[in-house]
Amino acid sequence: MTFTACLFLIIGETSYAFVGCQIPGNLLFAIGGTALNLNANRGAVVLAYLFMQLHITIAMSVILNPVLYILERGVLGMHKRPHLAAIDEESPAFEGINTPQKDRVSAIGATAGPSVTSFADAEYDLSPEALIEEYHNSGPIVTAKYMTLRIAVVVILLVIAIIFKDHFIDFTDFVGAWAVSMACIILPIFFYFKVFWNRTPWYEKAVGAFIIVICAGLGVYVTYTTGKNLFLNIVSDKTFPYCPSDYDMVVYTNETFYGNK
């Protein structure tokens, strides 16, 4: 993760160092189009797009898999955990009933199988093989239902992409500002503090609180600015709206234009 973060940082810093305020929202659009009048090698451009397609394919499947799993469980009733029988703690047989269960859970936890978050999960086979078997043996009706559900989710995403095609960068920034920052940064730190607050050193609390405040502030700002452009259909009349007036219309590589000024 650190290596990947460093790569993103290098790409961002290098691009800004060469292009400055005229840096496009998407580098692929820049090297593949005429935004910066770049004379990029065509083979390198095609290769970059192929790798981006590979990245999107993998990332989309990773992101959608939990969503589809939750929808199948909530809408179709699949992937249900068995209900454990209630145990009367006042019963004399309570210890006799509970001890083997405790040993079994300990034995499950000691194996190399997937981790569990509750005793209910420990009673349920969470292995990939069990999930595949559930899909294969669910019957034609259930199979048709979850296939329809998955196709519907993809179609909805496709429709959203078509609707916001003219504001694609604003849309991705809008979603990333509130959804990604909340799901990947703010909420994990918040839940960690909620569970381990009494055992967390003060300096970790300070760093975590600082990160939450900064990310929340930046998330609100970017959500507001991109949401305004997205939903109010605001289009700037400047080619490069973040540049000074001398460089907000013509790309800096145009030597003819800037040579005559």
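Computed from a predicted structure; not experimentally measured.

(A) Here's a closer look at the packing of helix H3 (residues 42-75) against helix H7 (residues 140-163). It is the contact of H3 with H7, at a shortest axis distance of 11 Å, that shows an interaxial angle of 130°. As far as their axial angle goes, H7 and H3 are oblique. Of the two elements, H3 crosses H7, and the hand of that crossing is right-handed. Along the contact surface, H3 presents Met60, Leu64, Leu68, Leu71 and Glu72, while H7 presents Tyr146, Leu149, Arg150, Val153 and Leu157. Each residue belonging to the contact of H3 with H7 can be placed in one class, and the counts come to eight nonpolar, no polar and two charged.

(B) Representation of the UniProt feature "transmembrane region" (unreviewed entry) in the chain within the structure. UniProt feature "transmembrane region" (unreviewed entry): in the numbering of this structure it lies at residues 46-71, 147-164, 176-195 and 207-224. With 94% helix and 0% strand, the stretch residues 147-164 has end C-alpha atoms that lie 26 Å from each other. Within the segment residues 176-195, helix and strand shares are 100% and 0% respectively, and the terminal C-alpha atoms sit 26 Å apart.

(C) Geometry of the pattern of salt bridges. All chains considered together, the criterion is met by one salt bridge. The closest approach of N and O atoms between Arg150 and Glu72, which form a salt bridge, is 2.7 Å. Within this pair, whereas Arg150 is found in helix H7, its partner Glu72 is found in helix H3, the two being separated by 78 residues in sequence. Judged by its relative accessible area of 27%, Arg150 is partly exposed.

Procedures and definitions
Residues numbered from 1 in each chain as written. Predicted model: local features only at pLDDT ≥ 70, side-chain atom pairs only at ≥ 80, totals over all residues. Heavy atoms only, no water. Axes fitted to C-alpha atoms, helices over the stretch in contact; angles between N-to-C directions. Helix = DSSP H or I, 4+ residues; strand = E, 2+ residues; numbered from the N terminus. Parallel < 35°, antiparallel > 145°, perpendicular 65-115°, else oblique. Left-handed = near helix turned anticlockwise from the far one by under 90°. Contact = heavy atoms within 4.5 Å. Nonpolar A, V, L, I, M, F, W, Y, C, P; charged D, E, K, R; others polar. UniProt positions renumbered as here; feature names shortened; annotations may be inferred. Salt bridge = Lys/Arg side-chain N within 4 Å of Asp/Glu carboxyl O. Buried < 20%, exposed > 50% of the residue type's maximum accessible area, 1.4 Å probe, protein only.

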